[in-house]
Amino acid sequence: MERLIYKERKNTNCEKWDGLKEKFGQEDLLPLWVADMDFEAAKCIQDALKSYVSQGTYGYYSDHDSYLEAFINWQEDNHNVKLDKKWIRYAPSVVTSINWIIQILTRLNDSIIVLTPVYYPFFNAIENNNRKLVKSELIYNRGNYEIDYIDFENKIKINNVKLFILCSPHNPIGRVWKKEELNKILEICKKYEVKVISDEIHQDIIIENNKHYSIVNFEEYKDMIVTLTSGTKTFNLASLQNSFVIIPNDDIRQKFNEYVKKIDIVEGNAFGYIAYEQAYTSGKPWLNQVLETICSNYKLLRSELSEKLPEAIISPLEGTYLAWINLNTYVKDENYINLIQKKCKLAVDYGNWFGGDKYNKFIRINLATSKDNIIKAIKQLEYLNNK
């Protein structure tokens, strides 16, 4: 069986490891921030790319049918999602496609709603496109999060919201939404004619017995949804610039077609197609090892911090490889960053990035790394209890 290999990534032009100075202002940090794994890619992917490179010509690439079939089969086998090939479109990344769909389905100054705390590029996409950002705060109770349906509906009514960007599974809190939760929130959107983008990029990173439900399978809402996903997080292939836009509705799909023709971005590069096809065809054994590692690292983090930082609140990890930790007892607003960077020597995603000052004392930690790095992070976080 293929063995999961931890990879030393310093001096490889890796943003996570080599971009510390630019992002955090110092280089002497253990990088546990951006959602990027520290593992070698699956051997099937490496072999396929080596084979393509070795043939020595890199002109226009056209073998897209087998790539789409691999993705369609993966969705059916792993998520019970039956896709029509005509629904699927290309985008370089999920974030790119969010920006495109905002431009396609909304107008200047239209309101777009999100559930916070949430992946911060959602905010950028809304504001950079001159739309109004509307936040509906999730209900927080000792690490657990639930949707505030009353607030969500009221915010839609008051702000005449046109679009909802759903994060499923939800980054950074690690929630995998239950079927009934998705049904309820989609029904509210339908009631007010709100279109829905579902970012499902973490769909394959599901921990233990939790289950991801793609909104593609919610038949009665198909005409109002656009689903976005990619192997980027599943197989750690972000640099290959490849993602899927799934649009069941004919009118929305036609608008998408017209938009991408104007900007002339309708297909990607050969390396992305080849890597993703192999990943979706033969990468499942590698992914299983990744999931075991993430689960093990999470349990280690939770167990050790319960002893060393007993007042830290770690949200249950149902999906993603990102631990969301409330350090309210141990840090103050004025010394938050100083403690995490200068004393604990960690590069993390800071909570306020995901929703403002309310999350100032939260951090997000990347678990897709070696056990040794998690042990080191735990030891360095101990400083907070001895400062």
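Residues numbered from 1 in each chain as written. Predicted model: local features only at pLDDT ≥ 70, side-chain atom pairs only at ≥ 80, totals over all residues. Heavy atoms only, no water.

- The name that an unreviewed UniProt entry assigns to the protein chain is cysteine-S-conjugate beta-lyase, with the source organism given as Terrisporobacter glycolicus ATCC 14880 = DSM 1288.
- UniProt, in its Cofactor (unreviewed entry) section for the protein chain, records the words "pyridoxal 5'-phosphate".
- Looking at the Sequence similarities (unreviewed entry) heading of the UniProt record, one finds this comment for the protein chain: "Belongs to the class-II pyridoxal-phosphate-dependent aminotransferase family. MalY/PatB cystathionine beta-lyase subfamily." (UniProt positions renumbered as here; feature names shortened; annotations may be inferred.)

### Side note on the overall build of the protein chain
- The number of helices and strands found in the protein chain is 14 helices and 15 strands.
- By the compact-globule yardstick of 21 Å for 387 residues, the protein chain fits well, its C-alpha radius of gyration being 21 Å.
- Along the three orthogonal principal directions, the C-alpha set of the protein chain runs to about 60 × 60 × 40 Å.
- For the protein chain, with 387 residues in total, the buried portion stands at 57%.
- Considering only intrachain contacts with a sequence separation of at least 6, the fraction spanning at least 24 residues in the protein chain is 73%.
- For the protein chain, the exposed surface amounts to about 17,200 Å²; the carbon and sulfur share of it is 45%.
- In the protein chain, which carries 50 positive and 52 negative side-chain charges, the distance between the mean positions of the two groups comes to 4 Å. (Helix = DSSP H or I, 4+ residues; strand = E, 2+ residues; numbered from the N terminus. Rg over C-alpha atoms; globule rule 2.2 N^0.38 Å. Buried < 20%, exposed > 50% of the residue type's maximum accessible area, 1.4 Å probe, protein only. Contact = heavy atoms within 4.5 Å. Areas by Shrake-Rupley, 256 points an atom, 1.4 Å probe, with all protein chains shown as cover. Lys, Arg positive; Asp, Glu negative; His and termini not counted. Charge placed at Lys NZ, Arg CZ, Asp CG, Glu CD.)

### Thoughts on helix α8 (residues 179–191)
- Taking 1.5 Å per residue as the helical rise, α8 with its 13 residues ought to reach 18 Å, and the 18 Å between its terminal C-alpha atoms agrees with that figure.
- Among all positions in α8, only E181, L182, I185, L186, I188 and C189 are buried. Each buried residue of α8 sits inside an arc of 150 degrees when the element is viewed along its axis, so together they form one side. The exposed set on the far side of α8, more than 90 degrees from its buried face, consists of E180 and K191.
- Contacts from the buried residues of α8 go to β3 (111–116), β6 (144–146), α7 (149–159), β7 (161–167), β8 (195–199) and β9 (225–229).
- Of the residues flanking the end of α8, it is E193, one or two places downstream, whose phi is positive at about 55 degrees. (Expected span 1.5 Å × (residues − 1). Arc of directions from axis to C-beta.)

### What about unusual backbone geometry?
- Across the junction of T116 and P117, the peptide omega takes the value 5 degrees, indicating a cis bond.
- When you line up the elements, P117 lands in the loop between β3 and α6 (121–128).
- Put simply, N171 and P172 share a cis peptide bond, and its omega is 20 degrees.
- Looking at the secondary structure, you find P172 in the loop between β7 and α8.
- At T320, a position not held by glycine, the phi torsion is positive, near 75 degrees.
- When you line up the elements, T320 lands in the loop between β11 (313–314) and β12 (322–326).

### Things to note about the pairing of β7
- Within β7, six of the seven residues are buried, leaving the element largely enclosed by the surrounding structure.
- In the sheet, β3 pairs with β7 via four bridges, with the strands oriented parallel. Its bridge partner lying in β7, I112 is registered against L163.
- Taken together, β7, α8 and β8 constitute a β-α-β crossover, and its handedness is right-handed. (Pairing = 2+ DSSP bridges. Right-handed = clockwise from strand over helix to strand, strands pointing away.)

### Section: the nonpolar core
- With 81 residues, the main nonpolar core has I363 and L384 as its most contacted residues.
- Beyond its immediate stretch of four places on either side in the chain, I363 contacts A323, W324, I325, L327, Y336, I340, V348, D349, Y350, G351 and L381.
- Core analysis: the next-biggest nonpolar cluster, separate from the first, contains 30 residues, Y149, L186, V196 and F354 among them. (Core = buried A, V, L, I, M, F, W, Y, C linked by side-chain atoms within 4.5 Å.)

### Brief notes about the pairing of strand β10 (residues 243–246)
- Burial of the side chains of β10 extends over both faces: S243 and V245 are buried on one face and F244 and I246 on the other.
- Relative to β10, strand β2 (residues 88–91) runs antiparallel, the two sharing four bridges. Counted as the bridge partner of R89 is V245 from β10.
- Direction of pairing for β9 relative to β10: antiparallel, over a ladder of three bridges. Residue pairing across strands places T229 opposite F244, the latter belonging to β10.

### As for the layout of surface pockets
- In this structure, the largest pocket encloses a volume near 1,400 Å³.
- Lining the largest pocket are 50 residues, and of these D36, N236, L237, A238 and S239 lie nearest its centre.
- Contributions of two or more residues to the lining of the largest pocket are made by α1 (15–18), α3 (43–54), α5 (94–105), α6 and α9 (232–235).
- The greatest single-element share of the lining of the largest pocket, amounting to four residues, is contributed by α6.
- Classifying every residue of the lining of the largest pocket gives 24 nonpolar, 14 polar and twelve charged.
- The volume enclosed by the second largest pocket comes to roughly 240 Å³. (1 Å grid on protein atoms, 1.4 Å probe; cavity = no way out; pocket = protein on both sides within 12 Å on 5 of 7 lines; lining within 4 Å. Points joined across faces, edges and corners; volume = space filled by probe spheres on them. Nonpolar A, V, L, I, M, F, W, Y, C, P; charged D, E, K, R; others polar.)

### Some remarks on the sheet that holds β12
- In spatial order, the strands read β11-β12-β15-β14; together these four strands make up an open sheet with antiparallel pairing. Only two strands of the sheet have a single partner each, and these edge strands are β11 and β14 (349–350).
- Here five bridges tie β12 to strand β15 (residues 362–366), and the two strands are oriented antiparallel to one another. From the neighbouring strand, L322 faces β15, where its bridge partner is N366.

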